[in-house]
Protein chains: 2
Amino acid sequence: MNQWFPFLDWMKKYDLKEDFKGDMIAGLIVAIMLIPQGMAYAMLAGLPPVMGLYASTVPLILYALFGTSRQLSVGPVAMVSLLIFTGVSGLAEPGSDQYISLVFLLAFMVGVIQLLMGIFKLGAISKFISHAVISGFTSAAAIIIGMSQLKHLIGVEIEASNNVFLIIAEVFTRLNEIHLPTLLIGLGSIFILVLFKKKIKKIPGALVVVVTMIAIVGFLQLNEIGVGIVGNVPDGLPSLSIPSLNIPAINTLLPIAFTIVIIGFVESYAMAKVIATKERYTIHANKELNGLGIANIGTSFFSGFPVTGGFSRSAVNYDAGARTGLASIITGAIILLTLLFFTSWFYYLPQAVLAAIIIVAVYGLIDVKEVFHLWNIKRIDAISLLVTFSATLVIGIEAGIATGVVFSILNFVYRSSKPHMAELGYIEENQTYRNVNRYPMAKTKDDVLIVRIDAAIYFANISYIEERLSDFINNKQDLKAIILDFSGVNDMDAVAIDDLGKWIDQIREENVKISLAQVKGPVRDLLKKAGWTKKYGDVIQHPTIETALLKLGK
Amino acid sequence: MNQWFPFLDWMKKYDLKEDFKGDMIAGLIVAIMLIPQGMAYAMLAGLPPVMGLYASTVPLILYALFGTSRQLSVGPVAMVSLLIFTGVSGLAEPGSDQYISLVFLLAFMVGVIQLLMGIFKLGAISKFISHAVISGFTSAAAIIIGMSQLKHLIGVEIEASNNVFLIIAEVFTRLNEIHLPTLLIGLGSIFILVLFKKKIKKIPGALVVVVTMIAIVGFLQLNEIGVGIVGNVPDGLPSLSIPSLNIPAINTLLPIAFTIVIIGFVESYAMAKVIATKERYTIHANKELNGLGIANIGTSFFSGFPVTGGFSRSAVNYDAGARTGLASIITGAIILLTLLFFTSWFYYLPQAVLAAIIIVAVYGLIDVKEVFHLWNIKRIDAISLLVTFSATLVIGIEAGIATGVVFSILNFVYRSSKPHMAELGYIEENQTYRNVNRYPMAKTKDDVLIVRIDAAIYFANISYIEERLSDFINNKQDLKAIILDFSGVNDMDAVAIDDLGKWIDQIREENVKISLAQVKGPVRDLLKKAGWTKKYGDVIQHPTIETALLKLGK
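Residues numbered from 1 in each chain as written. Chains lettered and ligands numbered in written order. Predicted model: local features only at pLDDT ≥ 70, side-chain atom pairs only at ≥ 80, totals over all residues. Heavy atoms only, no water.

Overview of the UniProt feature "domain: STAS" (unreviewed entry) in chain A
So, point 1. Mapped onto the present numbering, the UniProt feature "domain: STAS" (unreviewed entry) falls at residues 438–552 of chain A.
So, point 2. From the first C-alpha to the last, residues 438–552 of chain A spans 26 Å; its make-up is 44% helix and 15% strand. (UniProt positions renumbered as here; feature names shortened; annotations may be inferred. Helix = DSSP H or I, 4+ residues; strand = E, 2+ residues; numbered from the N terminus.)

Structural data, given as structure tokens:
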């Protein structure tokens, strides 16, 4: 039972005294945060603001029942909204009925893919996305998102675009059209949000900004002089929506659906794991996928759009004392109540306020320090980050993350094709054999060469390893014996075993003895299967370099 | 000088007595072999037979001057001819002027790409193609090539196709149309070729078949009852051809050009290396690319088509006594003489004979034993082979090899994401620490856990490693100290260092001591840069597990 309904875990042990207070307060605070955020992210996704509220009801409750994290706040998030806009705006006019119907389909596809990945236990795929790649992608996406909101902040109609450079260019040519009242509201909102974020952490800045600006705009009727407002937000519960399954649309949406699945999952899972580690319960990647999948299928049937676990909102939920999924259920319920009774309150909410909320939220995602941090430890990781960042800005969201993943994996493969190797010498002090280049006092012999190979040997590095071995051999006069220290050879493939076997035969033809030392169990098994024990005898079985030397009589 | 003109190496030391006889005989034998082969492979590429002779003149001489192998027989080969047909037949009618002009362009592109790769020292790319992938691809391509010749062998016009299953289906529906005299000539040729290959190795079977069948067909005028013949072969030297550089054609041909470059180079380089190792001279991947590049640029200007080093022909050249590149120059000269004076001799040559030559040649490339060999050592390598084989047969030549390369590299990456790890215990007999699962007599302590990590640690395996470490920890009561044996950790990336650092901090918070033993130089450097020496002190510097234990007072 618990396997399929993870909420039974916490529900059975629920302690009304201990847990309920925290859940209630956290649920309320997150709801206050989520109402403007949801509307803002709906706007970012090219959808009517009310859909952000719809997406903040049913999915939250479904995730609370089927997800494994107890504090994760699922719902609309900026990155996924941007991906929705990127993927669907090429197919239909944002905000149109056709656009909305495609978004329902997209949410349904995201949900089904996540559910299938969860059922077939493919959650591990996400670990191939390096943190460096995620960091570079997130920073670039944050800039793209921020730029896309510029038009609401300055009150100028700019052609929607994901190309940051085009947006900047257009803003510069149209500086004279800036709508001053809108700009003042926007900058004022940013100032208040930053102030509360830094100084007055107890009170949610978004709530203050929303209330203040609705009051100002409503009182002064600023909408009549051109300040963009949210306008009529329809009231009532989200109506039932049926995603229309048509094959050409599914094919076109597939790449963006996969991107949302992966990006959404990586962000959400990382946050869920951080909290679970602190609270000492365990999160399962595949069950998380199930939970998110069911939430997204739910959102597609109740007029929402794709959701995932939000980073900052989950942190707020956790800090405010959320103990179980009940906190999210309470959030969902409050937003349902809002939909029933309070939507008219948001009529005068300026779009510039929503833009300011988005800009302040995504600004925190730009991480410059990480580049320097990685650069200091290992340059190539910083380069992975910068490649992903640049590719995302220049060639686009989906291609950017794909470039980063491919680059970082190929870099790993490339590095493995040129492994570190070292000639070893004896160090009397601690009776070990160490790299002669690092330990000049290490003693070597003229007729014995000891080489350590620091890599799993496979098709892509076997020829390099043979070349390097030849170099070591050519530096030795009088060579009578070679010992290969296999302590670093963690694995081999059949191609490498065949090639190395030929190389050994060639060496032995020249009357040079060869033995392997410190071969690991899994590699010994492979060599045995390849017939080496029969062919070469025990020389491949020496537990230490000493025993190999003793056997050679050296 | 020798850097750019490798032939100076052998020309300076040329010994007329020692070397010339071998070169002369080998040059002659290869010419006899190459004349029918060249015509056959031209036919396979969808080109007039005489172009196979053109491609066997200038490129051979150019490679002899600029390539580094002294025995490699460069010229038309079956695999490349098939790739030409695959790539160009979709753009123009095979044999048409437009088709031929596209082939000149393709040869020029192949040459330029090879030359650029040679100049920028990119020859190492080829090592990422596993031998298992090459073997699977070669077997599948051999079947496709063989099947494509079936129509010439049975004398039935079958729509040219790379889809083996379509060809077989069509042959079955048209069994009643088989042209019996053609079939008899074809089967007779195959019989003679196999007989000479197995039993009478001294005499080239192709020569016997060609002479016999020309005589029979010419004497009985079998062409008048429908036996397909080569017909008029124009005489004279290859005329100058200028590849017409038009951008859309270049774009379309680019993928096939790259495939030819890679496949052609891998096959050629492997053979060149085998011979060079036996003859004790060295081959340089990048100079080989230069040599092949110049040969292909040459072929594009002298009415030829893309060439590379042939596997079996090079073996014949070497076995017949070729000592230097002069052998290939002699072969080229003989074929030039043939073009000038003897082309009319080939009028009655039946196409079924050329088909038989191709079929017998490619049959030898199908390697079933390799599958079983790899399966016995490491199943996944056999699976790589079979995946490449099936993909090549089912989805096509270029996509097949691409699938194989990606599959084998991803498999390596996947394996590295789930590395082997072992708890170690002390073995008194030889004073070593070994895997307790393999050595049940290894002694462990209740309060100290020693774990060996057998992998370079990076973003894709750090979470798996942490999970496994937690499992090991949960199996120990009373845990006071952990020693991580880093002898197998060949490399780390910055992401893994950060994550492992957080994990260590968490362990230390629970009052468990942690030390690293046998950390390799390159990894020690990285940890130092990440500030570990300052933060954790010397505990990450223990040269052996013993010193780590001593320090812990255990």
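A look at the packing of aromatic side chains
So, point 1. Here the structure, examined in full by the defined rule, presents 19 aromatic pairs over all chains.
So, point 2. Ring geometry for Tyr426(A) and Tyr433(A): centres 5.1 Å apart, planes at 50°, overall tilted.
So, point 3. With a relative accessible area of 24%, Tyr426(A) lands in the partly exposed category.
So, point 4. By the ring-pair criterion, three or more aromatic residues cluster together here, those being Phe412(A), Tyr458(A), Phe459(A), Phe412(B), Tyr458(B) and Phe459(B). (Phe/Tyr/Trp six-rings, centres within 6.5 Å; stacked < 30°, edge-to-face > 60°. Buried < 20%, exposed > 50% of the residue type's maximum accessible area, 1.4 Å probe, protein only.)

Considering the interface of chain B and chain A
So, point 1. With 63 residues of chain B at the contact, the number on the chain A side is 63 residues.
So, point 2. For the pairing of chain B and chain A, the buried interface totals around 5,000 Å² over both sides, and the portion due to carbon and sulfur atoms is 59%.
So, point 3. Along the contact surface separating chain B from chain A lie eight salt bridges.
So, point 4. Residues Lys378(B) and Asp491(A) are paired through a salt bridge, measuring 2.7 Å at the closest nitrogen-oxygen approach.
So, point 5. For the pair chain B and chain A, the number of links is 22 residue pairs in polar contact (both at pLDDT 80 or more).
So, point 6. Ranked by residues supplied to the side of chain B that touches chain A, first place goes to helix α19 (residues 397–417) of chain B with eight residues.
So, point 7. Taken together, the residues of the side of chain B that touches chain A break down into 25 nonpolar, 18 polar and 20 charged. (Contact = heavy atoms within 4.5 Å. Buried area = accessible area lost by both parts, 1.4 Å probe. Salt bridge = Lys/Arg side-chain N within 4 Å of Asp/Glu carboxyl O. Polar contact = N/O pair within 3.5 Å; in protein donor to acceptor, adjacent residues only side chain to side chain. Nonpolar A, V, L, I, M, F, W, Y, C, P; charged D, E, K, R; others polar.)

Quick look at the sheet that holds strand β4 (residues 432–435) of chain B
Residue and element names in this part refer to chain B.
So, point 1. Taking strand neighbours across the sheet as the criterion, the five strands line up as β4-β3-β5-β6-β7 in an open arrangement whose pairing is mixed. At either end of the open sheet lies a strand with only one pairing partner, and these are β4 and β7 (513–517). Strand-to-strand twist across the sheet, computed as the mean angle between neighbouring axes with direction ignored, equals 30°.
So, point 2. Pairing of strand β5 (residues 448–454) with strand β6 (residues 481–485) involves five bridges; the strand directions are parallel. Following the sheet pairing, Val451 is matched in β6 by Leu484. (Pairing = 2+ DSSP bridges. Axes fitted to C-alpha atoms, helices over the stretch in contact; angles between N-to-C directions.)

Points about the pattern of salt bridges
So, point 1. Per the counting criterion, the structure on display carries 22 salt bridges over all chains.
So, point 2. A salt bridge links Glu423(B) to Lys476(B), with the nearest nitrogen and oxygen atoms 3.1 Å apart. A residue pair is termed long-range when its members are at least 10 positions apart, and Glu423(B) in strand β3 (residues 420–427) and Lys476(B) in the loop between α20 (462–474) and β6 qualify at 53 residues. Here Glu423(B) matches Lys476(B) in class, with each residue buried.
So, point 3. Taken together, the shared-partner salt bridges in this structure form one network comprising Glu170(A), Arg174(A) and Glu177(A).

Section: the packing of helix α5 (residues 78–88) of chain A against helix α12 (residues 247–279) of chain A
Residue and element names in this part refer to chain A.
So, point 1. One can describe the packing of α5 onto α12 by two numbers: an axis separation of 10 Å at closest approach and a directional angle of 175°. As judged from the angle between their axes, α5 and α12 are roughly antiparallel. When α5 is examined against α12, the residues Met79, Val80, Leu83, Ile84, Thr86, Gly87 and Val88 are found in contact with a partner set consisting of Leu253, Ile256, Thr259, Ile260, Ile263, Gly264 and Glu267. (Parallel < 35°, antiparallel > 145°, perpendicular 65-115°, else oblique.)

A few points about the sheet that holds strand β6 (residues 481–485) of chain A
Residues and elements named next belong to chain A.
So, point 1. Taking strand neighbours across the sheet as the criterion, the five strands line up as β4-β3-β5-β6-β7 in an open arrangement whose pairing is mixed. Looking at the sheet topology across the chains shown, the edges are occupied by β4 (432–435) and β7 (513–517). Going from strand to strand, the sheet's axes swing by 30° on average, the running direction of each strand aside.
So, point 2. Here β6 runs beside β7; their pairing, made up of five bridges, is parallel.

Remarks on the relation of the copies chain B and chain A
So, point 1. For the pair chain B and chain A, the best superposition has an RMSD of 0.1 Å and corresponds to a rotation of 179° with a translation of 0.0 Å parallel to the axis. What we have between these two chains is a two-fold relation. Of the C-alpha atoms belonging to chain B, the one lying closest to the rotation axis is found on Gly488(B), 2.2 Å away.
So, point 2. The fraction of interface residues of chain B whose copies in chain A are also interface residues reaches 100%, indicating that both copies meet through the same surface. (Least-squares fit on C-alpha atoms with pLDDT ≥ 70 in both.)

Describing the nonpolar core
So, point 1. Counting 203 residues, the largest nonpolar core has Ile482(A), Phe486(A), Met492(A), Ile482(B), Phe486(B) and Met492(B) as the members making the most contacts within it.
So, point 2. If you tally residues by element for this core, the top one is α12(A), at 15 residues.
So, point 3. Excluding anything up to four places from it in sequence, Met492(A) contacts Ile457(A), Phe486(A), Ile497(A), Leu500(A), Val523(A), Leu526(A), Leu527(A) and Lys378(B).
So, point 4. Counting residues in hydrophobic clusters, the runner-up holds 108 residues, among them Tyr54(B), Ile229(B), Ile330(B) and Ile357(B). (Core = buried A, V, L, I, M, F, W, Y, C linked by side-chain atoms within 4.5 Å.)

Thoughts on the environment of Ser416(A)
Residue and element names in this part refer to chain A.
So, point 1. In this fold, Ser416 is placed in helix α19 (residues 397–416).
So, point 2. Owing to a relative accessible area of 14%, Ser416 belongs among the buried residues under this scheme.
So, point 3. Separated by 22 residues in sequence, Ser416 and Val394 have C-alpha atoms that sit 30 Å apart.
So, point 4. Within the local environment of Ser416, its side chain forms a polar contact with the side chain of Tyr458, the two groups lying 2.8 Å apart.

What to know about the domain arrangement of chain A
So, point 1. We note that the domain assignment places domain 1 (7–409) and domain 2 (421–551) within chain A.
So, point 2. Domain 1 of chain A and domain 2 of chain A are separated by 55 Å when their C-alpha centres are compared. (Domains from an automatic or database assignment.)

Focus: helix α13 (residues 285–301) of chain B
One turn of an α-helix holds 3.6 residues; hence residues three or four places apart share an orientation.
Residue and element names in this part refer to chain B.
So, point 1. Under the 1.5 Å per step criterion, the end-to-end length of α13 is 25 Å for 17 residues, consistent within 8% with the ideal 24 Å.
So, point 2. Within α13, 14 of the 17 residues are buried, which leaves the element mostly enclosed by the surrounding structure.
So, point 3. The positive-phi residue at the C-terminal boundary of α13 is Ser303, with phi of around 60°. (Expected span 1.5 Å × (residues − 1).)

Details of the pairing of β6(A)
Residue and element names in this part refer to chain A.
So, point 1. Within β6, five of the five residues are buried, which leaves the element mostly enclosed by the surrounding structure.
So, point 2. Covered by surrounding structure in β6 are Ala481, Ile483 and Asp485 together with Ile482 and Leu484, the residues of both alternating faces.
So, point 3. Tracing the backbone out of strand β5 (residues 448–454), into helix α20 (residues 462–474) and back to the parallel element β6 gives a crossover that is right-handed.
So, point 4. As a crossover connection, the stretch from β6 through helix α21 (residues 494–509) into β7 is right-handed. (Right-handed = clockwise from strand over helix to strand, strands pointing away.)

Quick look at unusual backbone geometry
All names here are of chain A.
So, point 1. In this structure, Asp478 takes a positive phi of about 60° despite not being glycine.
So, point 2. Mapped onto the secondary structure, Asp478 falls in the loop between α20 and β6.
So, point 3. With a relative accessible area of 54%, Asp478 lands in the exposed category.
So, point 4. Its identity as a non-glycine residue notwithstanding, Asn511 has a phi of 60°, on the positive side.
So, point 5. The topology assignment puts Asn511 in the loop between α21 and β7.

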